[in-house]
Amino acid sequence: MIQRNSLTTALLLSCSILAPQAVAADHQHHNGHPANGAIEVHNAWSRPTPPGTPMGVGYMTITNNGADEVRLVGAESPRAGHVSIHETSMHEGMMRMQTLANGLEIPAGSTVELKPRSYHLMLEQLTKPLMEGEAIPVQLDFENAEDVTVKLDVQPLDAKVMDHSHHSGMDH
């Protein structure tokens, strides 16, 4: 009887230690933060769009923890007919936006930020406007790495962008 109680106690103790880790790993995966793998995506966000506007944007931070370069080569969202990767740059005193036909390189051990007036996703042919408070699913397609699904948090136009990467395992 004493031996059975000791085994039961040991089993319950090990379950109580392992269960939160499994839940945290599962939570990370479902929020677009892979529990394991070379690519981590944090702080994915967008802005609301006025009715009738056919395009929205996507911003985020992508970290390549792997030993090899990876390339973001495409993206899809059920809210957009097409998603493309763009870069905004200054050319001869004028802001220019162009599609990155070969994708966006993310060197090994590096972080690339998609942000206003820089790299970003263009969500084209929106099925309906992006509304403040929504979370828009986007699948990021990588060359040399697994695809990652993220949710773009649609933030108010006047909001300062918050970095949530320090609590990726927390429930939002």
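Residues numbered from 1 in each chain as written. Predicted model: local features only at pLDDT ≥ 70, side-chain atom pairs only at ≥ 80, totals over all residues. Heavy atoms only, no water.

Turning next to the pattern of salt bridges. All chains considered together, the criterion is met by three salt bridges. With its nearest N and O atoms 3.8 Å apart, the salt bridge here joins R71 to E105. Placement of R71 in strand β3 (residues 70–76) and of E105 in strand β6 (residues 104–106) is noted, with a sequence separation of 34 residues between them. Residue E134 is joined to R79 by a salt bridge in which the shortest nitrogen-to-oxygen separation is 2.8 Å. A residue pair is termed long-range when its members are at least 10 positions apart, and E134 in the loop between β8 (119–126) and β9 (135–143) and R79 in the loop between β3 and β4 (80–91) qualify at 55 residues. R79 gets classed as buried once you look at its relative accessible area, which sits at 10%. Here the residues in one salt-bridge network are E69, R71 and E105, joined through shared partners. (Salt bridge = Lys/Arg side-chain N within 4 Å of Asp/Glu carboxyl O. Helix = DSSP H or I, 4+ residues; strand = E, 2+ residues; numbered from the N terminus. Buried < 20%, exposed > 50% of the residue type's maximum accessible area, 1.4 Å probe, protein only.)

So, about the pairing of strand β10 (residues 148–154). On β10, burial follows the alternation: V148, V150, L152 and V154 on one face are buried, whereas T149, K151 and D153 on the facing-out side are not. Looking at chain direction, strand β1 (residues 39–46) and β10 are connected through two bridges and run parallel. If you follow S46 over to β10, its bridge partner there is V154. With six bridges joining them, β9 and β10 adopt antiparallel strand pairing. In the sheet register, Q139 faces β10, and the bridge partner there is T149. Hairpin geometry of β9 and β10 is characterised by an intervening segment of four residues between the two adjacent antiparallel strands and by a positive phi of about 75° at N144. (Pairing = 2+ DSSP bridges.)

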